[in-house]
Amino acid sequence: VQLQASGGGLVQVGGSLRLSCVASGRTFSSFAMGWFRQAPGKEREYVAALSRTGGSTNYADSAKGRFTISRDNAENTVYLQMSNLKPEDTAVYYCAARYTARFSYYVNQGDYDNWGRGTQVTVSS
């Protein structure tokens, strides 16, 4: 599956952004999806994940209460709604996909075998 993330940009502290990731090439509903991010000089880290039906979700502690992951299987798209953004949210955000028959989410980077190119999010103070 090919993944294309978009929706990043420059936003002020406390603002909101919605990232989108469109998948193509295979049946989207067969993939569990995740969002990860990489800040300058840091390792890529987990942000959020959801199962292939969207029925199960999980968030990193840094994202809980501020970010919402969702998907629209009819549109082959996964979203990351981010609110109350902080400077430490500045990073390149990547979507990832894992082909699975299970109704699980996956939080480890190694669980995913398909990655998008990433979209830059910059939160200014």
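All of these numbers come straight from a predicted model, not from anything done at the bench.

The rules behind the values
Residue positions are given per chain, counted from 1 along the sequence in the order it is written. For a predicted model such as this one, the threshold for reporting local features is a pLDDT of at least 70, and the threshold for listing and counting side-chain atom pairs is 80 or more; totals across whole chains, interfaces and linings nevertheless cover every residue. Only hydrogens and water are set aside when side-chain values are computed; all heavy atoms of the structure are taken into account. A run of DSSP states H or I qualifies as a helix once it reaches four residues; a run of E qualifies as a strand once it reaches two. Both are numbered from the N-terminal end. Contacts are assigned to residue pairs that have any heavy atoms within 4.5 Å of one another. Polar contact criterion, stated in full: a pair of N or O atoms within 3.5 Å, where within protein one must be able to donate a hydrogen and the other to accept it, and residues adjacent in sequence count only if both atoms are side-chain atoms. Three labels apply to residues, based on accessible area from a 1.4 Å probe with only protein chains included: buried if under 20% of the type maximum, exposed if over 50%, partly exposed otherwise in between. In this analysis, strands are considered paired if DSSP registers two or more bridges between them. To form a nonpolar core, buried Ala, Val, Leu, Ile, Met, Phe, Trp, Tyr and Cys residues must be joined to one another through side-chain atoms within 4.5 Å. Note on method: axes are straight lines fitted to C-alpha atoms, helices fitted across the in-contact stretch only, with angles between N-to-C directions ranging 0 to 180 degrees.

Engineer: Help me out: how do you make sense of the environment of Cys95 in this one?
Structural biologist: Looking at the secondary structure, you find Cys95 in strand E9 (residues 91–99). A sequence separation of 17 residues divides Cys95 from Tyr112, and the C-alpha atoms of the two residues are 9.7 Å apart. Those residues in contact with Cys95 that sit more than four places away from it in its chain are Leu3, Ala5, Cys21, Gly34, Trp35, Asn114, Trp115 and Gly116.

Engineer: Just checking my understanding: could you explain the side chain of Thr90 for this structure?
Structural biologist: As for its position among the elements, Thr90 is in the loop between strand E8 (77–82) and E9. Here Pro87 takes part through its backbone oxygen, which lies 3.0 Å from a polar atom of the side chain of Thr90. Aside from chain neighbours lying at most four places away, what touches Thr90 is Ala39, Pro40, Gln120, Val121, Thr122 and Val123.

Engineer: Looking at this structure, how should I read the pairing of strand E11 (residues 119–124)?
Structural biologist: Burial along E11 is one-sided: Thr119, Val121 and Val123 are buried, while Gln120, Thr122 and Ser124, pointing the other way, are not. Looking at chain direction, strand E2 (residues 9–12) and E11 are connected through four bridges and run parallel. Each residue of the ladder has a partner; that of Leu10, found in E11, is Thr122. Bridge count between E9 and E11: three bridges; the pairing is antiparallel.

Engineer: Help me understand the nonpolar core in this model?
Structural biologist: The nonpolar side chains of a soluble globular protein tend to be buried with one another. Counting 30 residues, the largest nonpolar core has Met33, Trp35, Leu80, Met82 and Tyr93 as the members making the most contacts within it. Ignoring anything within four residues of it in the chain, the contact list for Leu80 reads Leu17, Arg18, Leu19, Trp35, Val47, Ala48, Phe67, Thr68, Ile69 and Tyr93. In this structure, Ala32, Phe36, Ala49 and Tyr112 belong to the second largest nonpolar core, which totals eight residues.

Engineer: So what exactly am I meant to see when it comes to the pairing of strand E1 (residues 2–6) here?
Structural biologist: The side chains of a regular strand alternate, residue by residue, between the two faces of the sheet. Burial along E1 is one-sided: Leu3 and Ala5 are buried, while Gln2, Gln4 and Ser6, pointing the other way, are not. Sheet topology note: the E1/strand E3 (residues 17–24) ladder contains five bridges and is antiparallel. Within E3, the residue paired with Ser6 across the bridge is Ser20.

Engineer: Looking at this structure, how should I read the sheet that holds E3?
Structural biologist: The antiparallel open sheet is built from four strands, whose spatial order is E1-E3-E8-E7. Only two strands of the sheet have a single partner each, and these edge strands are E1 and strand E7 (67–72). Mean inter-strand twist for the sheet, computed between neighbouring axes without regard to direction, equals 15°. Where E7 and E8 come together, six bridges link them in antiparallel fashion. By the bridge assignment for E8, Arg71 is matched with Val78.

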